[in-house]
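Here's the letter readout for the chains.
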Amino acid sequence: MITKNTAETIAKASLSNPDASRTAAGVYEYLLENYGRVMLSCQQESTWMGSPDYEMDYIKETTGRLPAMRGLDFISGDFEGVVKRAGEWWQRGGLVTICWHTGIEGKGYQESQEDMPDFDRLLTPGTHKHNAMVANWDLAAGALGKLRDAGIPVLWRPFHEFDGKWFWWGKGGGESFVRLWRMMYDRYTNEFGLNNLIWVLGYSGEVEEGWYVGDDYCDIIGSDTYDNTTNRKGWKKLEAFNTAGKPMAFHECGNVPPMENFVNDGCLWSWFMIWHTDYIKNNDVENLKAVYNSDLVITLDQLPTFV
């Protein structure tokens, strides 16, 4: 799925944080070793369908397997719940990836879309808006710190779909976004010592130019789409500037295509993640079974021990 030159570049890739924990480095090495060969299965959870395992139970019942990675969300300040469920999934042998739908000062999905920041003030230390934003960040940092202290690495995907510009963090354009991302990266890495984080830079399906945060500020780059394709368009655009050989992830989709489509399109992503509730339920049952039982897909029972 990848060329020899690309494979050699990937083999030399390393985490952006030189002080990354041994376990985080081990997870990243595993992703590098498998990139272009197989894809990890991943499923975003919901927490309002009677059980936080609503999606996991459905996948198990449908395919006989469980995803290798669980997707969680700090949405609406669910820090304690995410820490608990992430810890439980890690204890079962799985990996965790966390995103965050939040307003500038907190709350959830509505605020993440409706907030309209003045980026000049927001990115200026000492202003009220900046201080309020950072105070919200620090709540998430505390939760991520609990996972660090428990020895749990996190594939951290903040500010996702930024180039789509529908969330507040993308409304200031590429230059403001890069400053915002680097500000969080520096705070989390250098002030909070969150050495358990593997930073996932998640574009929309468009992968617009002018938004890349730099090789030293991310570890994985990705794109998502809900158009029922393998997201080959996103792959080609990411590939064009991914000179550092970072793994590329299909970090959100609705209906996952048949595995032969990924092979034919030449884009075996590091992982695919199906979104929650109706999105996973709308997948064709026979195809979902085939995907989860494919030799090209890693499920929970196939992961190695990272500790």
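Since the structure is predicted, the reported quantities are computational estimates derived from the model, not experimental observations.

Definitions and cut-offs
- Residues numbered from 1 in each chain as written.
- Predicted model: local features only at pLDDT ≥ 70, side-chain atom pairs only at ≥ 80, totals over all residues.
- Heavy atoms only, no water.
- Phe/Tyr/Trp six-rings, centres within 6.5 Å; stacked < 30°, edge-to-face > 60°.
- Helix = DSSP H or I, 4+ residues; strand = E, 2+ residues; numbered from the N terminus.
- Salt bridge = Lys/Arg side-chain N within 4 Å of Asp/Glu carboxyl O.
- Contact = heavy atoms within 4.5 Å.
- Buried < 20%, exposed > 50% of the residue type's maximum accessible area, 1.4 Å probe, protein only.
- Right-handed = clockwise from strand over helix to strand, strands pointing away.
- pLDDT = per-residue confidence, 0-100.
- Expected span 1.5 Å × (residues − 1).
- Pairing = 2+ DSSP bridges.
- Disulfide = S-S within 2.5 Å.
- 1 Å grid on protein atoms, 1.4 Å probe; cavity = no way out; pocket = protein on both sides within 12 Å on 5 of 7 lines; lining within 4 Å.
- Points joined across faces, edges and corners; volume = space filled by probe spheres on them.
- Nonpolar A, V, L, I, M, F, W, Y, C, P; charged D, E, K, R; others polar.
- Core = buried A, V, L, I, M, F, W, Y, C linked by side-chain atoms within 4.5 Å.

Caption draft 1: Here's a closer look at the packing of aromatic side chains. Applying the stated criterion across every chain, the model contains 33 aromatic pairs. Geometrically, the ring pair formed by F177 and W181 is tilted, given 6.0 Å between the ring centres and 50° between the ring planes. Of this pair, F177 and W181 both sit in helix 8 (residues 173-191), 4 residues apart, roughly one helical turn.

Caption draft 2: Summary view of the pattern of salt bridges. Counted under the stated rule, the structure contains 15 salt bridges. The salt bridge involving R85 is made with D78; its shortest N-O contact spans 2.8 Å. Measuring nitrogen to oxygen at the nearest pair gives 2.8 Å for the salt bridge that ties R187 to D138. Of the two residues, R187 is situated in helix 8 and D138 in helix 7 (residues 128-149); the sequence distance between them amounts to 49 residues.

Caption draft 3: Structural detail: the environment of M183. On the secondary structure map, M183 appears in helix 8. Apart from residues lying up to four places away in sequence, M183 is in contact with L123, H130, M133 and W137.

Caption draft 4: Geometry of the pairing of strand 3 (residues 95-99). Here strand 3 lies mainly inside the structure; 5 of its 5 residues are buried. What joins strand 2 (residues 69-73) to strand 3 is helix 4 (residues 79-91), and the crossover it makes is right-handed.

Caption draft 5: Structural detail: the confidence of the model for the protein chain. Scored by pLDDT, the protein chain has a mean of 96; 96% of the residues are at 70 or more. Within the protein chain, strand 4 (residues 154-156) carries the highest mean pLDDT (99), whereas helix 1 (residues 4-11) carries the lowest (52).

Caption draft 6: Helix 2 (residues 22-34), seen in detail. The first and last C-alpha atoms of helix 2 sit 18 Å apart over 13 residues, in line with the 18 Å expected at 1.5 Å per residue. When helix 2 is considered as a whole, its buried residues turn out to be T23, A24, V27, Y28, Y30, L31, L32 and N34. Phi turns positive, to about 85°, at G36, one or two residues after helix 2.

Caption draft 7: Seen up close, the pairing of strand 6 (residues 220-223). Of the two faces of strand 6, the one holding I220 and G222 and the one holding I221 and S223 are both buried throughout. As judged from the 3 bridges shared by strand 5 (residues 197-202) and strand 6, these two strands associate in the parallel manner. By the bridge assignment for strand 6, G202 is matched with G222. Note: strand 6 against strand 7 (residues 248-253), 3 bridges, orientation parallel. Residue pairing for strand 7: G222 is matched across the bridge by A249. Since strand 6 and strand 7 lie parallel, the crossover through helix 9 (residues 232-241) that links them has a hand, and here it is right-handed.

Caption draft 8: Examining the state of the cysteines more closely. By the definition in use, this model includes 0 disulfides. The thiol sulfur of C218 is not disulfide-bonded, and the nearest other cysteine sulfur, from C99, lies at 17 Å. Residue C218 is classed as buried on the basis of its relative accessible area of 0%.

Caption draft 9: The layout of surface pockets, seen in detail. Considering only enclosed or pocket space, the largest pocket measures out at about 330 Å³ in volume. Lining the largest pocket are 20 residues, and of these D73, H101, Y109, W275 and H276 sit closest to its centre. In the lining of the largest pocket, the residues fall into 8 nonpolar, 6 polar and 6 charged.

Caption draft 10: Representation of the nonpolar core in the model. With 99 residues, the main nonpolar core has L40, F74, W156, Y188 and W271 as its most contacted residues. Ranked by residue count, the leading element in this core is helix 7, at 8 residues. Leave out the neighbours within four places in its chain, and W156 touches F74, I98, C99, W100, L144, M184, Y188, L197, I198, W199 and V200.

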